[in-house]
Amino acid sequence: MNYVDIHVIQSVPPSNVNRDDTGAPKTALYGGVRRARVSSQAWKKAVRTSFKDYLPTDQLASRTQRVVELLMNRLTAAPYEFDEDDARKRALKVVKALKLKVKAPRKSGGEGIEYTEYLVFFSNQQLDRLAQIAAKDEIKAADVKKAADSDHGIEVALFGRMLADSKDLNVDSAVQVAHALSTHAVDIESDYFTAVDDYKLDEDDAGAGMIGTIEFTSETLYRFATVAISTLNRNLGDVDLTAQAASAFVRGFVLSMPTGKQNTFGNNTIPDAVVVQIRKGRSTSFVGAFEDAVQPDGGGYVEPSCRALADYAHECEQAFLGEPVASFVTRVGTRTKAVGSMGTEMSIDDLIASVRDQVTSLLQDES
């Protein structure tokens, strides 16, 4: 098995990228100290959102309870142009043929349209094919199942699909995304804010129209994700498409940012350092480099974090892993110099192209 391992060091200013049920930034204990944390789910959603900017529509997907409505929208449009009631009945037949349980229509939003009991994940190609079947005079369950179990598209092939009521339609995820952790200890701080009423008259009281607090952290994150190339190729069944999917995920993971409180904090940073390695045998996170919390060493956290990452990676390779098949580095500034020893340095566009070439070559060698 071959893997594309992605390691990112990224500095984030005061922000609340991913908050818990109390509104506070998510954290975790690691190495005996409190770290800032961004959940894997938050970053996977950011990656999927970024796909809309550079992947063709037919390779995208929808994770939703409103499958009936999505099929109806296709059936009422050209070339089918069924009336809404007929389209709804046909869509329901298809959904029930997939053994998906449906609930009664909601009172608001999609009023009068049934929805599935849980979120389901279908590619646009699959939804198009299901609509084609729904438009026929006879809807055969075998045809419906076949349409839902082929043409997964890049999104479903990467992130997988689980259907509790129709396990034969499950798709193994080709991607693992770790929770991003700060390389150092953090404290949660509070921003006390006031908002002024723009139309308050001079004779009114001098108090603010609104007051409140927002909790935040600032940190240097270590982010890790990996793509199982063989699993991805099995899901897609095409070498070129698999290479496109792997390189698209690298781009999306490296350059995306979850949107939590972005309007408030404007924390739109880019990575300080990116290392992408192609490995045989197993995927490897280097989060152990930061089990001992990084100290600022008279400056910030980026430089000592990059040193810790490079040192730990080289030690892991000497003790357990051996050299990667290929390793590519994109970095910014002198503070990231240490990770330059981990691979061939290049721009991010060249790195993504190199990943695509490597994945293509490995899969061709396997066939």
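In case you missed it, the structure is sitting above this.
Residues numbered from 1 in each chain as written. Predicted model: local features only at pLDDT ≥ 70, side-chain atom pairs only at ≥ 80, totals over all residues. Heavy atoms only, no water.

With that settled, the discussion passes to the side chain of Arg35. Position of Arg35 relative to the elements: it lies in strand β3 (residues 33-38). With no salt bridge to any partner, buried Arg35 finds its closest opposite charge in Glu291, at an N-O distance of 6.6 Å. Of note is the side chain of Arg35, whose polar atom sits 2.7 Å from the backbone oxygen of Phe290. Among the polar contacts listed, one links the side chain of Arg35 to the backbone oxygen of Glu291, at a separation of 3.3 Å. (Helix = DSSP H or I, 4+ residues; strand = E, 2+ residues; numbered from the N terminus. Buried < 20%, exposed > 50% of the residue type's maximum accessible area, 1.4 Å probe, protein only. Lys, Arg positive; Asp, Glu negative; His and termini not counted. Salt bridge = Lys/Arg side-chain N within 4 Å of Asp/Glu carboxyl O. Polar contact = N/O pair within 3.5 Å; in protein donor to acceptor, adjacent residues only side chain to side chain.)

Turning next to the packing of helix α1 (residues 40-51) against helix α8 (residues 239-255). Where α1 meets α8, the axes come as close as 8 Å, and the angle between the chain directions of the two elements is 115°. The handedness of the crossing between α1 and α8 is right-handed. Between α1, through Trp43, Val47, Ser50 and Phe51, and α8, the contact on the second element is made entirely by Ala248, Phe249, Gly252 and Phe253. Along the lines of polarity and charge, the residues of the contact of α1 with α8 split into 6 nonpolar, 2 polar and no charged. (Axes fitted to C-alpha atoms, helices over the stretch in contact; angles between N-to-C directions. Left-handed = near helix turned anticlockwise from the far one by under 90°. Contact = heavy atoms within 4.5 Å. Nonpolar A, V, L, I, M, F, W, Y, C, P; charged D, E, K, R; others polar.)

We now examine the packing of aromatic side chains. One pass over the structure, following the stated rule, counts 7 aromatic pairs. Aromatic pair Phe286 and Tyr312: ring centres 6.3 Å apart, planes at 80°, arrangement edge-to-face. With a gap of 26 residues between them, Phe286 in the loop between β12 (273-280) and α10 (302-321) and Tyr312 in helix α10 connect regions that are remote in the sequence. You can call Phe286 buried: its relative accessible area is 0%. Positioned over the ring face of Tyr54 is Arg251, at 5.8 Å from the centre of the ring. (Phe/Tyr/Trp six-rings, centres within 6.5 Å; stacked < 30°, edge-to-face > 60°. Lys NZ or Arg CZ within 6 Å of the ring centre and 35° of its normal.)

Ranked by internal contacts, the top residues of the largest apolar core, which has 53 residues, are Val4 and Phe249. Top contributing element to this core by residue count: α8, with 9 residues. Here Val4 is in contact with Ala225, Thr226, Val227, Ile229, Val250, Val276, Gln277, Ile278, Val355 and Val359, once residues within four sequence places are set aside. Core analysis: the next-biggest nonpolar cluster, separate from the first, contains 28 residues, Phe82, Ala91, Ala147 and Ala148 among them. (Core = buried A, V, L, I, M, F, W, Y, C linked by side-chain atoms within 4.5 Å.)

Let us look at the packing of helix α2 (residues 67-76) against helix α3 (residues 84-97). Running from N to C, α2 and α3 cross one another at 130°; their axes reach a closest spacing of 8 Å. In this view, α2 runs oblique relative to α3, as classed from their interaxial angle. As for the relative orientation of α2 and α3, their crossing is right-handed in sense. Along its contact with α2, which presents Val67, Val68, Leu71, Met72, Leu75 and Thr76, the element α3 presents Glu84, Ala87, Arg88, Arg90, Ala91, Leu92, Val94 and Val95. For the contact of α2 with α3, the per-class residue count stands at 10 nonpolar, 1 polar and 3 charged. (Parallel < 35°, antiparallel > 145°, perpendicular 65-115°, else oblique.)

To continue, consider the environment of Glu345. Within the fold, Glu345 resides in strand β14 (residues 344-345). Glu345 gets classed as partly exposed once you look at its relative accessible area, which sits at 43%. In this structure, the C-alpha to C-alpha distance between Glu345 and Phe328, residues 17 residues apart in sequence, is 6.0 Å. Polar contacts involving the side chain of Glu345 include one to the side chain of Arg331, which spans 3.0 Å.

With that out of the way, let us pick up the pattern of salt bridges. Under the criterion given, the structure shown has 16 salt bridges. Between Asp297 and Arg307 there is a salt bridge, with the nearest N and O atoms lying 3.1 Å from each other. With Asp297 in the loop between β12 and α10 and Arg307 in helix α10, this pair connects stretches of sequence that are 10 residues apart. Relative accessible area serves as the criterion here: at 60%, Asp297 is assigned to the exposed category. Each of Asp85, Arg88, Lys89 and Glu114 takes part in one network of salt bridges that share partners.

Below, the discussion takes up the pairing of strand β7 (residues 120-123). Every second residue of β7 is oriented toward a common face, with Val120 and Phe122 on one face and Phe121 and Ser123 on the other, all of them buried. The pairing of strand β4 (residues 61-64) with β7 spans 4 bridges and is classified as antiparallel. Each residue of the ladder has a partner; that of Ser62, found in β7, is Phe122. (Pairing = 2+ DSSP bridges.)

Turning to α1, a few remarks are in order. Along its 12 residues, α1 runs 17 Å from first to last C-alpha, staying within 8% of the 16 Å computed at 1.5 Å per residue. Of all the positions in α1, only Ser40, Ala42, Trp43, Ala46, Val47, Arg48, Ser50 and Phe51 are classed as buried. (Expected span 1.5 Å × (residues − 1).)

Below, the discussion takes up the pairing of strand β2 (residues 27-30). Here β2 pairs with β3 via 4 bridges, running antiparallel. Following the sheet pairing, Tyr30 is matched in β3 by Val33. Remark: 2 residues form the turn of the hairpin made by β2 and β3, two consecutive strands paired antiparallel; Gly31 in that turn has positive phi of roughly 65°.

For the structure on display, the rule yields 0 disulfides. Left unpaired, Cys306 is separated from the closest cysteine sulfur, that of Cys316, by 16 Å. With a relative accessible area of 11%, Cys316 lands in the buried category. (Disulfide = S-S within 2.5 Å.)

Note the cis peptide between Ala78 and Pro79, where omega equals 5°. Looking at where Pro79 falls in the secondary structure, it is placed in the loop between α2 and α3. In the Ramachandran plot, Asp151 falls in the positive-phi region, its phi being about 50° despite a non-glycine side chain. Tracing the chain through its elements places Asp151 in the loop between α5 (141-148) and α6 (153-159).

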